[in-house]
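# Descriptive analysis of the structure
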Amino acid sequence: MAQPFLHELVSCVCAPSVALSGPDGQIRAGGVQGVIRHDRRILSELVVDVDGHEPAPVGHSLAGAGLARFTGVIRHLGDDGADPTVRLERQRRLRPDGIDEVLTLANNARVPVDATVRVTAAVDLAPMNVVRRGDTPALRSPSEVRDDAVVWSDSMGEVTLRAEGGETAHAGVAPVGDVRPVWSWRVTVPARSTWSVTYSLTATEDALPANTFGPGTPGWEPLSVSGPAALTRLVDQSVADLAGLALADPEAPGDAFLAAGSPWFFTLFGRDSLWAARLTLPLGTDLARGTLRTLARRQGTRHDVETAEAPGKILHEVRMEQASVGSLPPVYFGTVDATPLWICLLHDAWRWGLDDGAVTDLLDPLEAALGWLRTDADADGDGFCEYVDESGHGLANQGWKDSGDSIQFPDGTIAEPSIALCEAQAYAYEAAIAGAHLLEAFGRPGGDRMREWAAALRERFRTTFWVSDPRGTFPALALDGAKRPVATATSNLGHLLGTGILDAGEAASVAARMRTDDLDCGYGLRTMTADAAGFNPLGYHAGTVWPHDTAIAILGLARDGHARASASLAAGLVRAAPDFAYRLPELFAGTNARREEPVLAYPAACRPQAWSAAAAIAMLQAALGLEADVPRGVLRVAPSAEFADWFPLRVEGLRVAGHALTVDVDATGAARVETRAPLTVETPPPPGRE
């Protein structure tokens, strides 16, 4: 069986639940459609018909993350003539424990209509690993059927579907076969009137399995953006989706983090959750604190080949045991980058105003993470951070591009392990310097040692990684097991910028290489150069565009003074956003906008995806030139002239040092800042102004 496609489905999210249906609103058995909660499908089918006819769909809309509306016309009812006069409105609202739907039969005809409205339901209670494989599990018979409700049950608990309301007599519920109960209502709707009924699905668990996360809240204030319409719609949808993906640690329900994405990755990930928290720091530090603490509680303490655990290491992924994907264990540590990214997030959150008490509580995990960087991160002792799957059945690639063919030489040859990724070295360098700052600021020893370690890594990187192709010079994607540079230009270059591992001249070379049209395709940054033999615009890590990946490059380019390239990439993501109803997916095809090639979906991409949604906040930060250093008492706001198409731009609902922050940029690029944070606000004049 093949993994089901997602790109044409309408997705509602309200952690820990997701509802997936067709654009007509119908939830049909098979594929991935249904309501999924805690990696278990609690509803497999929910189909509505009128007199045995399904409504003809004429439109749908998504309001926020968890509310969808679907409209279909009932062509066999109403006035004669070409114009439809009877329609069925279907409103779906997702809750953490299920869904509510309201059906409204609207009669705009001149005469009353008589109809039988039916709702057919089915449940399979399949775990996520079965759903994701594309299997078709058997539907379950209800354990109880009542006039107003049907109940399904298994070892985890019960699922109840209950109907309420309706202004005419309820005809009751009857089983069809053994597995598809049907509600039916015989209704008369007067002319120019409506009839409505509500039904609700609720899941309850007797005992949740280990590694189950409940709903959380990121702790942000409402964000308001006044600017270009496309940018505003993208930000609005992204912030709603981020809130819809928020989960909480059952060991400390006040600690929230973001699930990686819907529906495949509705759980805690190291790298994904860390990047999502880091990219959204301008919204506040509560999410960062929750993410850091949730991961620190699960930090590695021992060596285990099967799980890839090591002392001080931050995990890759947590799954409920029955929903684990493939051969990976429920708690898996196979990632080379989550540990340095944890350190970087702690440092960045401190700079945005994470209180000293919260930082102090995380200093022991910090020291353990720094210890992993200096020891187990270097598998073969060559001085670089690298990975190799010692278990034989874990992830072959353990950077963010974790597919089997992601590390390719220009001729398409797959690199052999161990693999030392270029961005892993950059993260490690940044983490070592960040860790040194934190150790020194909080009176802990070891800062000098980390600075020396970082300086040595930076020099090794400079002498080992640099390569060239006909378009320019740049650091190689990786070193393979024989220490040969994998000289393929990729989007990984963007992750080096802003980390400090490059000097100004090197950063300029990287920025120039990234601006070429083989990488910047006009819709964002391709994961691999179009010049490579293995390039495929629909290749998972071999030519697609990942919005979070592009956003990291946007921030890095801006921080290293390359605003033109930063603005070009940002414009590309905004250009692509309408094709996805302003909900950027996990990834999409790396087609060429300059040749007027269309935006294409990657069919199995998650949507929403936390770090893709977080890209919108990163783009705002780059455009506003927003940098915080609360420990030094400074906030810098320096809008870039290269983002002039976005101005005037007003952003309300940002936070720094626990205080509200509003930034208002006029058409000339001059910024006005409103905040009560006890900071010195630096707002350099725009170019051309004294």
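In this convention, every chain numbers its residues from 1, walking through the sequence in written order. Totals for whole chains, interfaces and linings use every residue, but because this is a predicted model, local features are given only for residues with pLDDT of at least 70 and side-chain atom pairs only at 80 or more, for both listing and counting. Side-chain numbers here rest on the full set of heavy atoms in the structure, without hydrogens or water.

## Details of the packing of aromatic side chains
Geometrically, a pair of aromatic rings is defined through the distance of the ring centres and the angle of the planes. Classification of ring pairs uses Phe, Tyr and Trp, with its six-membered ring standing for Trp, and accepts pairs whose centres are within 6.5 Å; under 30 degrees between planes counts as stacked, over 60 as edge-to-face, and the remaining range as tilted. Tallied over the entire structure, the rule returns 13 aromatic pairs. Taking 5.9 Å as the distance between ring centres and 55° as the angle between the ring planes, the aromatic pair formed by Trp 350 and Phe 442 counts as tilted. Of this pair, Trp 350 sits in helix H5 (residues 338–352) while Phe 442 sits in the loop between helix H8 (422–441) and helix H9 (447–464); the two residues are 92 residues apart in sequence, bridging distant segments of the chain. Relative accessibility thresholds used throughout: buried, under 20% of the residue-type maximum; exposed, over 50%; partly exposed, between the two (1.4 Å probe, protein chains only). On the accessibility criterion, Trp 350 (13% relative accessible area) is buried. Over the aromatic face of Phe 384 sits the side chain of Arg 460, whose NZ or CZ is 5.8 Å from the ring centroid. Each helix is a run of DSSP H or I of at least 4 residues and each strand a run of E of at least 2, with the numbering of both proceeding from the N terminus. Two conditions define a charge located above a ring, namely a distance within 6 Å from the ring centre to NZ of Lys or CZ of Arg, and an angle within 35 degrees of the ring normal.

## Quick notes on the side chain of Asp 520
With respect to the helices and strands, the residue Asp 520 is situated in the loop between helix H10 (504–514) and helix H11 (547–559). By relative accessible area, which is 3% here, Asp 520 ends up buried. When near neighbours in sequence (up to four residues on either side) are disregarded, Asp 520 contacts Met 514, Arg 515, Leu 525, Ser 568, Leu 569 and Arg 594. We call two residues in contact whenever any of their non-hydrogen atoms come within 4.5 Å of each other.

## Looking at the side chain of His 38
When you line up the elements, His 38 lands in the loop between strand S3 (34–37) and strand S4 (40–43). Among residues more than four places away in sequence, those in contact with His 38 are Pro 16, Glu 205, Leu 208, Thr 212, Phe 213 and Met 320.

## Examining the sheet that holds strand S18 (residues 224–226)
Between any two strands, pairing holds if DSSP finds at least two bridges. One open sheet holds the four strands; their spatial order is S18-S30-S31-S32, and the pairing between them is antiparallel. The strands lining the two open edges of the sheet, one partner per strand, are S18 and strand S32 (671–675). When the angles between neighbouring strand axes are averaged without regard to direction, this sheet yields 20°. Sheet topology note: the strand S31 (residues 659–665)/S32 ladder contains five bridges and is antiparallel. Within S32, the residue paired with Thr 662 across the bridge is Glu 674. The strands touched by helix H13 (residues 610–624) within the sheet are S18, strand S30 (649–656) and S31, with S30 carrying the most contacts at an inclination of about 105°. Orientation is described by lines fitted to C-alpha atoms, with helices fitted over the stretch in contact, and by angles between N-to-C directions that extend from 0 to 180 degrees.

## Observations concerning the pattern of salt bridges
Here the idea is simple: oppositely charged side chains can pair when their charged atoms come close. By salt bridge we mean one thing: a side-chain nitrogen of Lys or Arg within 4 Å of a carboxyl oxygen of Asp or Glu. Inspection of every chain in the model, using the stated rule, returns 57 salt bridges. Across the pair Arg 118 and Asp 49 runs a salt bridge, and its minimum N-O distance is 3.1 Å. Taken together, the positions of Arg 118 in strand S10 (residues 113–122) and Asp 49 in strand S5 (residues 45–50) put the pair 69 residues apart, joining distant regions of the chain. By relative accessible area, which is 34% here, Arg 118 ends up partly exposed. Exposure remark for Asp 49: the relative accessible area of 6% places this residue in the buried category. Taking the shortest distance from any N to any O, the salt bridge between Asp 629 and Arg 632 comes out at 3.4 Å. For Arg 632, a relative accessible area of 61% puts it in the exposed group. Three or more residues are tied together by salt bridges with common partners; here these are Asp 249, Glu 251, Asp 255, Arg 293, Arg 297 and Arg 298.

## Description of the environment of Ala 657
Mapped onto the secondary structure, Ala 657 falls in the loop between S30 and S31. Residues Ala 657 and Arg 575 lie 82 residues apart in sequence; the distance between their C-alpha atoms is 33 Å. Apart from the residues within four sequence positions on either side, Ala 657 is in contact with Trp 352, Gly 353, Val 630 and Ala 677.

## Section: the packing of H11 against helix H12 (residues 563–576)
The contact between H11 and H12 brings their axes to 8 Å, and the two run at 155°. Taken as axis vectors, H11 and H12 run roughly antiparallel relative to one another. In terms of crossing hand, the pair formed by H11 and H12 is left-handed. Of the residues in H12, those touching H11 at Pro 547, Thr 550, Ala 553, Ile 554, Leu 557 and Ala 558 are Ala 563, Ala 565, Ser 566, Leu 569, Ala 570 and Leu 573. By the convention adopted, Pro, Cys, Tyr, Trp, Phe, Met, Ile, Leu, Val and Ala count as nonpolar, Lys, Arg, Asp and Glu as charged, and the other residues, Gly among them, as polar. By residue class, the composition of the contact of H11 with H12 is ten nonpolar, two polar and no charged. Roughly parallel here means an angle under 35 degrees, roughly antiparallel means over 145, roughly perpendicular means 65 to 115, and every remaining angle is called oblique. Crossings are assigned a handedness: left-handed for a near helix turned anticlockwise from the far helix by less than a right angle, right-handed for a clockwise turn.

## Observations regarding the sheet that holds strand S20 (residues 252–258)
One open sheet accounts for three strands, arranged S17-S19-S20; its pairing is antiparallel. Of all strands in the sheet, those with a lone pairing partner are strand S17 (214–215) and S20, marking the two edges. Bridge count for S17 against strand S19 (residues 246–249) is two bridges, and the pairing is antiparallel. Looking across to S19, one finds that Pro 215 is bridged to Leu 247. Sitting on the sheet, helix H4 (residues 286–297) is in contact with S19 and S20, with an inclination near 105° to S20.

## Digging into unusual backbone geometry
Here the amide bond leading from Ser 262 into Pro 263 is cis, since omega sits at 0°, within 30 degrees of zero. Along the chain, Pro 263 turns up in the loop between S20 and helix H3 (270–279). The backbone phi angle of Ala 308 is positive, close to 65°, even though this residue is not glycine. Within the element layout of this structure, Ala 308 appears in the loop between H4 and strand S21 (317–318).

## Re the state of the cysteines
By convention in this document, the label disulfide applies to cysteine sulfur atom pairs within 2.5 Å. Under the criterion given, the structure shown has zero disulfides. Of all cysteine sulfurs, the one in Cys 385 lies closest to Cys 344, which takes part in no disulfide; the gap is 11 Å. Under the relative-accessibility criterion, Cys 344 is labelled buried at 1%. For Cys 385, a relative accessible area of 4% gives the class buried.

## Section: the environment of Glu 205
Tracing the backbone through its elements, the reader meets Glu 205 in strand S16 (residues 193–205). Taking the relative accessible area as the measure of exposure, Glu 205 reaches 22% and is therefore partly exposed. Setting aside residues up to four positions removed in sequence, Glu 205 forms contacts with Arg 37, His 38, Arg 40, Met 156 and Gly 157.

## Structural notes on the confidence of the model for the protein
Caution is warranted with low-pLDDT regions, since their predicted coordinates should not be read in detail. The predicted model of the protein averages 94 in pLDDT, with 96% of residues at 70 or higher. Across the chain, each position has a pLDDT score giving the predictor's confidence in that residue, from 0 to 100. Taken as a whole, residues 167–171 scores under 50 in pLDDT and shows 15 contacts with residues more than four places along the chain or in a different chain.

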